[in-house]
Each structure stands twice: as C-alpha cells, then as structure tokens.
Amino acid sequence: MANKDHYDVVVIGAGPGGMTAAMYASRANLSVLMLDRGIYGGNLNNTATIENYTGFKSIKGPELAQQMFDGSTQFGAEYAYGTVTKIEVNDDKTRTVFTDMDDQFIAKAIVIATGSEQRHLDVPGEDEFSGRGVSYCAVCDGAFFRDRPLIVVGGGDSAVEEGLYLANLASQVTVLVRGDKLRAQPLLQDEAMKNDKMKFIFNTSVTEIVGDDAKVTGVKTHNNKTGEDGEMPADGIFIYVGNVPMTKQFASLGITNGDGWIKTDNTMKTKISGIFAVGDVRETPLRQIATAVGDGSIAGQQVYQYIQSL
Ligand code: NAP
C-alpha cells in the first residue's frame, strides 16, 4: 500500500523504463509512486539471460530487475501493488490514477510504462493446456521439462533466445516458424543453428494444441507451402509469437495508435499534457532494455521540467 494519495509523479509499471523514470524523477526531489500489477522487473522476470545491455557481459533477467529496483528506489520513490484501471484528467494541473483495489492517486504527472505482454496463438487447446504444458516463460517453466522434447513457436529474438535456454534442459527443442525465415538477430540464429539440440521447421503453423486428460502431448500443424496437415508430439509448447501493448485501460484517452501502442514525441510526451509514456508500450522502432532505460531517463527529466512549469 502506498503511503499517501497525492504524488508529484505516478509511474504505472515497474519495468526498466518505469524504474528509470522513477529514479530520475525522485532524484530530482519529486515525490514518486511506482505502481505495478505484479513484481517489479516486468519482462526481465521472464528473460533467462541478457547479453545486450551495456555494463553487463551476461546477467540473468531477475537479477537485473532486482538491481534496477534497488537503484530506482534509493532516492525515495515508493513502490506499491495495483492494477491500474483508469486515468482521469481532472484539470490543467492534476490527473487521477484508479486501481482495481479501489485506490485513487492524484498526481501532477503520470508516466505510463506498462510495456507489452506476449501474444497468444489463439488456437484450440492453448487456454485449456495453459500451465499443463503450454507456457510463455522458459525461465519459469523450463525446468519442468528436463530431458523431454519441446516445441517452441515463433521466429523472433524471443523464440530463438528462449529456445536456446530450453535446449540446455530439454532433450530436443523444435522451433516451428510460420514463414520461410527467422526474424531473430543473426548472432542468435548462428548460435541456435550450431546447437545440436535445436531443430527448425519452416513454413509451419500450429493449428491446435492437443493433449490427454492431464497434459499436452503435441501439436497439430499446417504446412503453409504444401498445404499438408500433420501432427508432432511434444511434452511442452513454448509460445513466442510477439507482443501486444498493455494499453486497454488507456484507450479512452485517445493516445494510442491503431495497434494500441502509445504515441509520444521524442521527449516522451503524449498528446495529453502531464501524461508521458516510456519503453515497450510506446510506438517505437526498437524494444530493448536499453531503449526503455533511455526513454525512462528522458521522461524522468521532462516530468521535472513539466512540474516546474505548472
Ligand atoms: P517479434 O520480433 O514480433 O517476432 C514474432 C515472431 O513470431 C515472428 O517470427 C512472427 O513471424 C511469429 N509469429 C507471429 N504471429 C504468429 C503466429 N500466429 N503463429 C506463428 N508465428 C507467429 O517478437 P519477439 O521475438 O517476442 O520480440 C519482441 C521484441 O523484443 C522485438 O523487438 C525483439 O527484438 C525484442 N527482443 C529482443 C531480445 C534481445 O535483444 N536479446 C530478446 C527478446 C526480444 P513472422 O516473422 O512471419 O511475422
């Protein structure tokens, strides 16, 4: 629970972007509340190993999340649980943030840093077997599949990177790619192609996830080139088919684009004064820890200037 209901800044979401904005704003002596629907760290908590964040040759996602949290709260920023349901613009100077726990926080400025969540495949069996063989988090669930065959669906950085992590545990990782090529960075592709436990099958979509009474037993597939249907056995299915923005609760503000990503200028301002957005939730050409942190630092400083101008 937060200590009070009035803050200079409420940051919604405690991933790398939100934590950095909170750090910059609180270091500028603003009162800051960070709200998150879960544990701080955002998608860092679902990431096994990070090798492309400057300053760390290699670090585990949850470990980086903890270090960022310790840094972001050292100047007095508070952190509280709460799923934000709505933002209301009261007048020129204040906005109210509502949560599902019936809390209301009044702030001079708001930084939206809610990020994105993994897209679902939307095929039969996916919801039914979620947690019984269907997973979206290798670092959370990979250990359940030691020495067993797994399928990864997707062809981007996440599918290949998390597939590599799973290959350390599973007997085999088969990556099903719907098109004829991978989208992942060349370095990850090279590493995966060299890994004996990883196999790629292209032009193949999953049409259904099948199982018995207890758990997943495999997937039904469709070859997008030959039109052939097939079936593949596996004990676990890890789905990495991209992300969708977490912005449903902000739709009425009119600050998102057609796909739901928040539009900002290069100072992280949305079209509503006093409402900023940072990180993956933004309409941006690159979604990385480094870009989220960069956005957060700009927003933290811009929020200070905005509040001075009120
Ligand atoms: P992504 O880059 O959007 O890739 C999504 C992949 O899933 C694509 O291969 C796409 O195929 C496929 N896909 C989409 N819908 C599908 C469906 N219904 N059935 C089967 N396949 C489907 O997503 P991501 O890999 O999760 O990455 C998200 C962002 O995070 C990216 O910006 C990425 O660079 C970043 N990221 C970076 C790192 C890193 O730097 N180490 C690690 C993880 C993620 P098509 O290619 O045919 O569209």
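A quick note: this is a predicted structure, and the numbers were derived from the prediction, not measured.

Thresholds, definitions, all that
Residues numbered from 1 in each chain as written. Predicted model: local features only at pLDDT ≥ 70, side-chain atom pairs only at ≥ 80, totals over all residues. Heavy atoms only, no water. Near = heavy atom within 4 Å. Polar contact = N/O pair within 3.5 Å; in protein donor to acceptor, adjacent residues only side chain to side chain. Areas by Shrake-Rupley, 256 points an atom, 1.4 Å probe, with all protein chains shown as cover. Helix = DSSP H or I, 4+ residues; strand = E, 2+ residues; numbered from the N terminus. Nonpolar A, V, L, I, M, F, W, Y, C, P; charged D, E, K, R; others polar. Domains from an automatic or database assignment. 1 Å grid on protein atoms, 1.4 Å probe; cavity = no way out; pocket = protein on both sides within 12 Å on 5 of 7 lines; lining within 4 Å. Points joined across faces, edges and corners; volume = space filled by probe spheres on them. Disulfide = S-S within 2.5 Å. Buried < 20%, exposed > 50% of the residue type's maximum accessible area, 1.4 Å probe, protein only. Pairing = 2+ DSSP bridges. Axes fitted to C-alpha atoms, helices over the stretch in contact; angles between N-to-C directions.

Caption draft 1: Summary view of the site of the ligand. Around the ligand, a shell composed of 17 residues is seen, among which Asn52, Asp157, Ser158, Arg178 and Arg183 lie nearest. One of the backbone N or O atoms of glycine 156 is found 3.4 Å from an oxygen atom in the ligand. Contact with the protein chains removes 77% of the 910 Å² of surface that the ligand exposes when unbound. Top element by residues in the shell around the ligand is helix α4 (residues 157-167). It accounts for 3 residues. A per-class count over the shell around the ligand returns 3 nonpolar, 9 polar and 5 charged. Built from parts of two domains, the shell around the ligand gets at least three residues from each of domain 1 (6-118 + 243-309) and domain 2 (134-239).

Caption draft 2: Here's a closer look at the layout of surface pockets. Taken as a whole, the second largest pocket encloses approximately 300 Å³ of empty space. Considering the residues around the second largest pocket, the lining is formed by 16 residues, among which Ala48, Thr49, Glu161, Tyr165 and Asn168 are closest to the centre. Sorting the residues of the lining of the second largest pocket by element identifies α2 (61-72), α4 and α5 (186-194) as the ones contributing at least two each. Counting residues per element, the lining of the second largest pocket draws most heavily on α4, which supplies 4 residues.

Caption draft 3: Geometry of the state of the cysteines. One pass over the full model with this rule turns up 1 disulfide. A disulfide bridge connects cysteine 137 with cysteine 140, and the sulfur atoms are separated by 2.0 Å. Judged by the sign of its S-S torsion, about 70 degrees, the cystine formed by cysteine 137 and cysteine 140 is right-handed. A relative accessible area of 43% places cysteine 140 in the partly exposed class.

Caption draft 4: Representation of the sheet that holds strand β15 (residues 216-223) within the structure. In space, the 3 strands of this open sheet follow the order β14-β15-β16, with antiparallel pairing throughout. Two strands close off the open sheet at either side, each with one partner strand: β14 (204-211) and β16 (229-233). Direction aside, neighbouring strands of the sheet carry axes that sit 25 degrees apart on average. As paired strands, β14 and β15 are joined by 7 bridges and run antiparallel to one another. Note on β15: the bridge partner recorded for isoleucine 209 is valine 219.

Caption draft 5: Here's a closer look at the pairing of strand β6 (residues 84-89). Pairing analysis gives 5 bridges linking β6 to strand β7 (residues 95-99), with the strands arranged antiparallel. Counterpart to lysine 86 in the pairing with β7 is phenylalanine 98. Hairpin connection of β6 to β7: 5 residues between the antiparallel strands.

Scope: geometric values only; no functional claims are made or implied.
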